[in-house]
Amino acid sequence: MAERNDRRAVLLIRRGTAAEAARYERFEVPYEDGMSVLDALRWIRIHRDGTLAVRYSCINANACKTCMALVNGEVEYTCTAKLTPGPITVEPLPKRPWIRDLVADTVPDDEKLDEEEEPRKRNGAR
Ligand code: FES
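As the structure is a prediction and not an experimental result, all values here were calculated from the model.

A. Layout of empty space enclosed by the protein. Within the structure shown, the criterion is met by one cavity of 30 Å³ or more. Forming the boundary of the largest cavity are 14 residues, of which Arg55, Thr66, Cys67, Met68 and Leu102 lie nearest the centre. Among the elements of the structure, strand E3 (68–71) and strand E7 (103–104) are those that each provide at least two residues to the lining of the largest cavity. Grouping the constituent residues of the lining of the largest cavity by class yields nine nonpolar, three polar and two charged.

Below is the structure:
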């Protein structure tokens, strides 16, 4: 007979946008040894709140670097940051324009297209 897992991790997640007052939402997530913070965020999106904005791509390969966020005040890759049972605070990257929830604009300024340039480049013009 399989044992039931009653262990839980608690995450406090910064939600909203820069235009709103700061708010944190608390989520309890089933916890197993070896889980990452990103595993917990994905569980929340699937089982509790599909509107939670999170970025990731490679998941645990530590290659895409899109999953970066502040985990307990430290910049971390959420896909490799170990989940622990105690309350974990997850916030968007500081010093980058905040888009929503855990998503910040990480495109370097010199790689952004301005509004006039974008349609021309899309059409192949230089
Ligand atoms: S999801 Fe790619 S580095 Fe974390």
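From this point on, the discussion continues.
B. Representation of the pairing of strand E5 (residues 88–91). As paired elements, strand E1 (residues 8–15) and E5 share three bridges and run parallel to each other. Of the residues in E5, the one forming a bridge with Leu12 is Thr89.

C. Region of interest: the nonpolar core. Ranked by internal contacts, the top residues of the largest apolar core, which has 24 residues, are Leu11, Ile13, Val37, Leu41, Leu83 and Val90. Elements with a minimum of two residues in this core: E1, strand E2 (23–30), helix H1 (37–47), E3 and E5. Here this core takes six residues from H1, the largest share from any one element. Apart from residues lying up to four places away in sequence, Ile13 is in contact with Arg23, Tyr24, Glu25, Phe27, Leu41, Ile44, Leu52, Val90 and Leu102.

D. Layout of the environment of Thr51. Positionally, Thr51 belongs in the loop between H1 and E3. Here Thr51 is in contact with Arg15, Arg100 and Asp101, once residues within four sequence places are set aside.

Analysis parameters
- Residues numbered from 1 in each chain as written.
- Predicted model: local features only at pLDDT ≥ 70, side-chain atom pairs only at ≥ 80, totals over all residues.
- Heavy atoms only, no water.
- 1 Å grid on protein atoms, 1.4 Å probe; cavity = no way out; pocket = protein on both sides within 12 Å on 5 of 7 lines; lining within 4 Å.
- Points joined across faces, edges and corners; volume = space filled by probe spheres on them.
- Helix = DSSP H or I, 4+ residues; strand = E, 2+ residues; numbered from the N terminus.
- Nonpolar A, V, L, I, M, F, W, Y, C, P; charged D, E, K, R; others polar.
- Pairing = 2+ DSSP bridges.
- Core = buried A, V, L, I, M, F, W, Y, C linked by side-chain atoms within 4.5 Å.
- Buried < 20%, exposed > 50% of the residue type's maximum accessible area, 1.4 Å probe, protein only.
- Contact = heavy atoms within 4.5 Å.

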